[in-house]
Amino acid sequence: LPLMAHAAPREVKRMSVATAHGPRAWSVWDTLEVALAAQEATLGALIAQFESKYGLEVCMVSYKSSLLFMDFMPAPKQKERKDMPLLELIATVGKVVLPKGTSPLYLSLSCTDAQDEDVELGA
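In this report, the structure presented in the accompanying data block is examined.

**Looking at the overall build of the protein**
In terms of helices and strands, the protein carries 3 helices and 6 strands. Its helices and strands in sequence order give the protein the pattern β-β-α-β-β-α-α-β-β, from N to C terminus. Its C-alpha radius of gyration of 18 Å places the protein more than 25% over the 14 Å reference for a compact globule of 123 residues. Its C-alpha atoms give the protein principal-axis dimensions of roughly 65 × 40 × 25 Å.

In structure tokens form, the structure reads like this:
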């Protein structure tokens with residue numbers, strides 16, 4: 001027998017998070033963007049701009065399966081990686097050479113809010 005089914009989409013659950021700039025809400029489907037020139041931008045510049053724009057503290061940054069930054073890395077290693085241009089860092093850590101002019105660059109970030117609680121961001 002043929003089956004006829006109908007389903008209506010539901011509204012996506014939005015999370016409200018207390019940030020340094022006050023409460024913000026988004027879903028796991030939202031993309032949080034930072035506009036940087038990837039060829040010149042360093043990891044430190046990305047982290048600083050993200051934290052300034054969204055009021056969240058960045059704990060980890062990854063590109064695909066490569067961890068580029070973790071807040072519990074030794075301080076010298078953190079400084080070294082924060083000072084590297086993003087494309088060079090991805091090539092060094094991830095063993096992936098991205099062509100010049102690659103845009104956009106999708107990174108995964110783990111963050112904490114103003115109460116030091118983990119924040120779930122979209123992938």
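Alright, that's what it looks like, and here's the rest.
**A word on the pairing of strand β5 (residues 108-112)**
Two strands pair when backbone bridges link them, and strand β3 (residues 57-63) and β5 are joined in this way by 5 bridges, in the antiparallel orientation. Across the sheet, residue Glu57 finds its bridge partner in β5, namely Thr112. Bridge count between β5 and strand β6 (residues 118-119): 2 bridges; the pairing is antiparallel. Residue pairing for β6: Cys111 is matched across the bridge by Val119.

**Some thoughts on the pattern of salt bridges**
Following the criterion strictly, the structure yields 1 salt bridge and no others. Salt-bridge contacts for Asp83 lead to Lys79; the nearest nitrogen and oxygen are separated by 2.8 Å. Among the residues examined, Lys79 registers a relative accessible area of 54% and is labelled exposed.

**Re the packing of aromatic side chains**
Enumeration according to the criterion identifies 1 aromatic pair in this entry. Ring centres 4.9 Å apart and planes at 45 degrees place the aromatic pair Phe50 and Tyr54 in the tilted group. Taken as a pair, Phe50 and Tyr54 lie in helix α1 (residues 43-54) at a separation of 4 residues, close to a single helical turn. Across the pair, exposure class does not vary: Phe50 and Tyr54 are buried alike.

**Description of the nonpolar core**
Across soluble globular proteins, you tend to see nonpolar side chains buried next to one another. Core analysis: the largest hydrophobic core is formed by 25 residues, its most contacted members being Leu43, Phe50, Leu56, Val61, Leu107, Leu109 and Leu121. Secondary structure elements with two or more residues in this core: α1, β3, β4 (66-70), α3 (86-94) and β5. For this core, the element with the most residues is α1, which contributes 5 residues. Excluding its chain neighbours within four sequence positions, the residues that come into contact with Leu43 are Val61, Leu68, Phe69, Arg81, Lys82, Met84, Leu86 and Leu89.

Definitions and limits used
- Residues numbered from 1 in each chain as written.
- Predicted model: local features only at pLDDT ≥ 70, side-chain atom pairs only at ≥ 80, totals over all residues.
- Heavy atoms only, no water.
- Helix = DSSP H or I, 4+ residues; strand = E, 2+ residues; numbered from the N terminus.
- Rg over C-alpha atoms; globule rule 2.2 N^0.38 Å.
- Pairing = 2+ DSSP bridges.
- Salt bridge = Lys/Arg side-chain N within 4 Å of Asp/Glu carboxyl O.
- Buried < 20%, exposed > 50% of the residue type's maximum accessible area, 1.4 Å probe, protein only.
- Phe/Tyr/Trp six-rings, centres within 6.5 Å; stacked < 30°, edge-to-face > 60°.
- Core = buried A, V, L, I, M, F, W, Y, C linked by side-chain atoms within 4.5 Å.
- Contact = heavy atoms within 4.5 Å.

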